[in-house]
Amino acid sequence: MADTTDGIDDVLNDVAEALRHEGSATTTPAVPGEVTERRYVVPELLPVLPIRDTVAFPGTIIPLTIGREKSKRLVDAVITGNKILGIVAQRRAEVEDPGLDDLYRVGTAAAILKLLRMPDGTQSIIVHGLVRFGIEDLTQTEPYLIARAHTREDTAVSSPELDALVQTTRRQAARVIELTPGISDQALDVLSSIEKPGALGDFLAANLQLDLVLRQELLETFDVSDRLRKIAAHLARQIEVLELSTKIQTQVKNQVEKQQREYYLQEQLRAIQRELGETDPRDAEIKELRERIAAAKMPAEVEAEATRELERLAKIPQASPEYSNALDYIEWLCDMPWAISTEDHLDIRRAEKILNDDHYDLDKVKRRILEFLAVRKLKPEGRGPILCFAGPPGVGKTSLGQSIARALGRKFIRVSLGGVRDEADIRGHRRTYIGALPGRILQEIRKAGSNNPVFMLDEVDKLGQDFRGDPSSALLEVLDPAQNFSFQDHYLDVPFDLSKVMFIATANYMDAVPPPLRDRMEVLELPGYTVQEKLFIAKKYLVKRQRDEHGLKTSQLKFDDSALLGIIENYTAEAGVRNLEREIAAICRATAARLARRSRSIVRVVRRADLPEFLGPLRVEPEVAMRTSTPGVVTGLAWTPTGGDILFVEATNMPGKGNLQLTGQIGDVMKESAQTAFSLVRSRAKSLGIDPARMSSNDFHIHVPAGAIPKDGPSAGVAMFTALVSLLLGRVCRTGVAMTGEITLRGLVLPIGGLKSKALAAHRAGIETVIIPKQNMKDLVDIPADVRKQLKFHPVGEVDEALRAALEKPTKRPPAKKAAPAEPTSVLRRVRRRHSTTRPRAARPAG
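Since the model is a prediction, treat every value here as computed from it, not as a measurement.

### Focus: the overall build of the protein
Counting secondary structure elements, the protein contains 30 helices and 26 strands. Among the 847 residues that make up the protein, the fraction classed as buried is 47%. In the protein, of all internal contacts separated by at least 6 residues, the share reaching a separation of at least 24 is 75%. Total accessible area on the protein stands at roughly 43400 Å², and carbon and sulfur atoms take up 51% of it.

### Regarding a nonpolar patch on the surface
On the surface, a cluster of nonpolar side chains totalling about 330 Å² of accessible area is made up of Leu 244, Ile 248, Val 252 and Val 256. Along the polypeptide, Val 252 turns up in helix H7 (residues 224–276).

### A word on the sheet that holds strand S22 (residues 737–739)
By way of backbone hydrogen bonds, the strands of a sheet pair with one another, either parallel or antiparallel. Here we have seven strands laid out as an open sheet, ordered S20-S21-S19-S18-S22-S25-S26, and mixed in their pairing. The open sheet has two free edges, formed respectively by strand S20 (660–663) and strand S26 (792–796), since each of these has just one partner strand. In this sheet, neighbouring strand axes are inclined to one another by 30° on average, regardless of whether the strands run parallel or antiparallel. Summarising the sheet, S22 and strand S25 (residues 769–773) pair through three bridges and their orientation is parallel. Directly across from Val 737, in S25, lies its bridge partner Thr 769.

### Digging into the sheet that holds strand S15 (residues 522–525)
Read from one edge to the other, the open sheet built from five strands follows the order S10-S11-S14-S9-S15, with strand pairing classed as parallel. For this open sheet the edge positions go to strand S10 (412–416) and S15, each flanked by a neighbour on one side alone. This sheet shows a mean twist of 20° between the axes of neighbouring strands, independent of strand direction. Where S10 and strand S11 (residues 454–458) come together, five bridges link them in parallel fashion. By the bridge assignment for S11, Arg 414 is matched with Met 456.

### Focus on the confidence of the model for the protein
On average, residues of the protein carry a pLDDT of 83, and 88% of them reach 70 or more. Low pLDDT (under 50) marks residues 4–12, which in the prediction has 23 contacts with non-local residues, meaning those over four places away or in another chain. Low pLDDT (under 50) marks residues 14–38, which in the prediction has 72 contacts with non-local residues, meaning those over four places away or in another chain.

### Considering helix H6 (residues 212–219)
Here H6 has its buried residues at Leu 212, Arg 215, Gln 216, Leu 218 and Leu 219. Down the axis of H6, the sector holding all buried residues measures 155°, keeping them to one side. Check the buried side of H6 and you find it contacts strand S5 (84–89), strand S6 (106–117), strand S7 (123–140), helix H5 (197–207) and H7.

Rules and cut-offs
- Residues numbered from 1 in each chain as written.
- Predicted model: local features only at pLDDT ≥ 70, side-chain atom pairs only at ≥ 80, totals over all residues.
- Heavy atoms only, no water.
- Helix = DSSP H or I, 4+ residues; strand = E, 2+ residues; numbered from the N terminus.
- Buried < 20%, exposed > 50% of the residue type's maximum accessible area, 1.4 Å probe, protein only.
- Contact = heavy atoms within 4.5 Å.
- Areas by Shrake-Rupley, 256 points an atom, 1.4 Å probe, with all protein chains shown as cover.
- Patch = residues over 30% accessible without salt bridge, like charges linked within 9 Å, V, L, I, M, F, W, Y side chains within 5 Å.
- Salt bridge = Lys/Arg side-chain N within 4 Å of Asp/Glu carboxyl O.
- Pairing = 2+ DSSP bridges.
- Axes fitted to C-alpha atoms, helices over the stretch in contact; angles between N-to-C directions.
- pLDDT = per-residue confidence, 0-100.
- Arc of directions from axis to C-beta.

Right, here's the structure in full:
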């Protein structure tokens, strides 16, 4: 057994307890009546007792437990002699048989006051520290250690500084006793009874919470002033810790007392309410939530999570912020329509009638909806389709979703995704965040109160992306029928079945939709309306709706067909009917204002001639003939997010070195098409009848007007090639001809997309002939029959065919006369005089 220190049952323990921490040796000062160092003489050859993990100081009484055999032999020898031994601390506690190098060289000579033999064979001694001593060397190691020692007295010179140090340390020690709970008043009396500065320092050093090295340092500090300075520094740190601990304990105690008081008052309130027959509001709330959980018919795992959270809620104080967070979470779980569905109306004829009443044309979309109804009728548990309506603004994508919901008898939800950049808008925030909420998907389903609504994700092509995540990636799970049956929102953190929801996305431009997201949707194109279709829609839907919204009767406002055609052709240039309805609304407002001023109803029939009065001057005028009447200008066709449109490609040349300049805010793909067209013209210059020298001695400039509008795509290749050839040959493009197609360096014309939208744009602009790639002939079936009848489609496979169809035939020149032989000077003079009297001929155009 190692030599250790134990507590001593004494009244002075109060003082020791105040100045030491757990694990320190319990030491006490010598008091009058006990043995003192003056009755003992420290011999030169001193038996040495090594001790572990503590240091003995002069003037203190310390109990020691003796366990090592060598230590027992030493005690037995000393107790029968002068009872004086040296106590020295070991440097390392794990050494069982320490030598000189394992011991500190300064220790304390002590007298054995009492020896106690324990039943288990161990011995305990109580020793009294006498004086410091130093070890010169060991003269004996067996049967126990004996060292040649010399005593070391304290160095103390009386001075005001020493007196101040004594008062400071005494005051600090008194403060420690005051801050330490459970100390009797006798502790201060004992502290004040120690008068010698050295004895005071040794007593305080023995009871401070210090490690072995610092204790030994204080033992080896022989100058009393230095010893008291070090002790004062340690006492200051201990006071700081005790004051902070007292402050913390006071705060905790106050908080606990407040909670206990609140709990006591709440229990009293509950008892009073029970006596009055009233119910505790919190118990009533918990009971209500329990009933709502049972009534929600949640899946088993969701109900288990809700019940677990409810049990936690019952234990949280209402004043805690966690209480409101847990309450909100449980209410969200209860409000979700886990088992609430609307019954589908599977009457296909009724659904077809509703779709036809609400929308004109759109046969492909209507057919797809009726097919879904037929499948649902045969297999009710089938999953809903993921449709995407792609088309320009104003063609009825959003209103078509509302009609689908009405035809099915389902709730309708619309969420606009334009500008959404945060993934949390789709999947929600985790509950660790303040103010966390579920994502828009579950929020809208909760508002709808049904788990099978028609859910429209509007403007899916305008989703953003930044450091907060990619919302389009979060939509992958939502729009995948193989995964969305267990969609897990970050806030609810439990699966919710979205497979019964009929999702419909809308987009203006599918190229902006990420391919993985586009792959999960069935895309249905809504390219736009013809003039006749717009006229029918305006007569059947728009005029009636705007008249009702402005409080007008049929007898007060009517529209002539010519007026509606005038609005379509001269005031709107769009694929849809949004601007058309806006212009009709403007006429309704003006009519309502006139009726209000005159205070009597008048019949008003709006005709084409009245449009400038209501809408101002014409905004859209045909300009194809005007723009293409000069060489180097041709009409192309483009597809934009707002539908099909015509664009003019202009080419010109100026003296230079054969460079090509491109303007008109065109994209990289369109620039590559221009470079391809330029290279193709240069490679075929001779076969086209173009002087190659002209290609190298001039710079060329291709411009696509409307420079503020971005343009891109490969389908303008044929138009750019034709514009360059028209410029170089001086042949104008035929009036009423537009063209589209991608070209290669071999002169082939490749197929393009969006033919229906481009054909409708050509029809709106008054184009008569459209040059298209041969491989796009199969797409003509999608173009309305009336448009196909009014437009002439000219398929081409090579650029030479496009030139023959697009350019005017060259005018034939009269054959040049042969030069006359040289004549005499007199004849030449007569010829000049004759020609000078005739009118000069008009100059021919260059080229």
